[in-house]
Amino acid sequence: MIHRREKEAQLQREIIKLKREKQDLAESSREIIFHQLDDAGINFVTYHPGAGHLTIEADEIDSFLSNNMAYVATKCGVSESHYRVWLNHYYSPTYEGQLEDGSFCDKSLVRLENPSQFIVGESSCCSDHRHSKTRVVPIRKCS
């Protein structure tokens, strides 16, 4: 019985080791392929509002794939959360603050093309409510 438990424990360790080796091999193979494509002159290009066309270097592909919003935000010089709020403004440039009567202002805003020029609470607010005491922080969430 003791011999059987020892054998099972040994086999479990072997399985864990083999899974780790498989993962390492897959990652290195993917990296080799990306570098071979890069060496062959193939460029990886993506388009994102505020950043335009970005060329992604072979050694940055994993970073882009793991969180493209954070990657693009960094390229724009802003945080990911700031970029997401700006992106909501970019696609729908209206003040979404809820007024005291429960309605929404929904006034059109000047769309800012550059996320680093966007100031949360100012750029996202209409001129009527920007400096008013009736201004309410927008309650609609950004995606």
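As the structure is a computational prediction, the values presented were derived from the model and not from experiment.

## Some points on the packing of aromatic side chains
No. 1: Scanning all chains against the criterion turns up 5 aromatic pairs.
No. 2: Considering the side-chain rings of Trp86 and Tyr90, the 5.0 Å spacing of their centres and the 35 degrees angle between planes classify their relative orientation as tilted. Of this pair, Trp86 and Tyr90 both sit in helix 4 (residues 80–91), separated by 4 residues, roughly a single helical turn.
No. 3: A centroid spacing of 5.3 Å and a plane angle of 80 degrees characterise the contact between Tyr90 and Tyr91, whose relative ring orientation is edge-to-face.

## Things to note about the side chain of Thr46
No. 1: As for its placement among the helices and strands, Thr46 is situated in strand 1 (residues 44–48).
No. 2: Among the polar contacts listed, one links the side chain of Thr46 to the side chain of His48, at a separation of 3.3 Å.
No. 3: With sequence-adjacent residues up to four places away left out, Thr46 is seen in contact with Gly52, His53, Leu54, Ile56 and Phe64.

## Focus on the side chain of His82
No. 1: By the secondary structure assignment, His82 is in helix 4.
No. 2: A residue is classified by how much of its surface remains accessible, and His82, at 17% relative accessible area, is buried.
No. 3: In this structure the side chain of His82 is engaged in a polar contact, spanning 2.9 Å, whose partner is the backbone oxygen of Pro115.
No. 4: Sequence-distant contacts of His82, that is, excluding residues within four places in its chain, are made with Pro115, Phe118 and Val120.

## So, the confidence of the model for the protein
No. 1: Chain-level statistics for the protein give a pLDDT mean of 83 and a share of 90% at 70 or above.
No. 2: Across the protein, element-level confidence peaks in helix 3 (residues 68–76) with a mean pLDDT of 96 and bottoms out in helix 1 (residues 2–39) with 84.
No. 3: Confidence drops under a pLDDT of 50 for residues 133–143, and excluding neighbours within four residues, the segment shows 23 contacts in the predicted structure.

## Quick notes on the pattern of salt bridges
No. 1: One pass over the structure, following the stated rule, counts 5 salt bridges.
No. 2: With a closest N to O distance of 3.8 Å, Glu21 and Lys17 form a salt bridge. Taken as a pair, Glu21 and Lys17 lie in helix 1 at a separation of 4 residues, close to a single helical turn.
No. 3: Lys17 gets classed as partly exposed once you look at its relative accessible area, which sits at 44%.

## Quick look at a negative patch on the surface
No. 1: Taken together, the side chains of Asp24, Glu27, Glu31, Glu57 and Asp59 define an acidic patch exposed on the protein surface.
No. 2: Among the secondary structure elements, Glu31 is positioned in helix 1.

## Here's the deal with the nonpolar core
No. 1: Grouped together as the largest cluster of nonpolar side chains are 18 residues, with contacts concentrated most on Ile56, Tyr71, Val72, Tyr83 and Trp86.
No. 2: Secondary-structure elements contributing two or more residues to this core are strand 2 (52–56), helix 2 (61–66), helix 3 and helix 4.
No. 3: Sorting elements by how many residues they give to this core places helix 3 first, with 5 residues.
No. 4: Excluding residues within four positions of it along the chain, Ile56 makes contact with Phe44, Thr46, Ile61, Phe64 and Tyr71.
No. 5: Membership of the second largest hydrophobic core comes to 5 residues, among which are Tyr95, Cys105, Leu109 and Cys125.

Conventions used here
Residues numbered from 1 in each chain as written. Predicted model: local features only at pLDDT ≥ 70, side-chain atom pairs only at ≥ 80, totals over all residues. Heavy atoms only, no water. Phe/Tyr/Trp six-rings, centres within 6.5 Å; stacked < 30°, edge-to-face > 60°. Helix = DSSP H or I, 4+ residues; strand = E, 2+ residues; numbered from the N terminus. Polar contact = N/O pair within 3.5 Å; in protein donor to acceptor, adjacent residues only side chain to side chain. Contact = heavy atoms within 4.5 Å. Buried < 20%, exposed > 50% of the residue type's maximum accessible area, 1.4 Å probe, protein only. pLDDT = per-residue confidence, 0-100. Salt bridge = Lys/Arg side-chain N within 4 Å of Asp/Glu carboxyl O. Patch = residues over 30% accessible without salt bridge, like charges linked within 9 Å, V, L, I, M, F, W, Y side chains within 5 Å. Areas by Shrake-Rupley, 256 points an atom, 1.4 Å probe, with all protein chains shown as cover. Lys, Arg positive; Asp, Glu negative; His and termini not counted. Charge placed at Lys NZ, Arg CZ, Asp CG, Glu CD. Core = buried A, V, L, I, M, F, W, Y, C linked by side-chain atoms within 4.5 Å.

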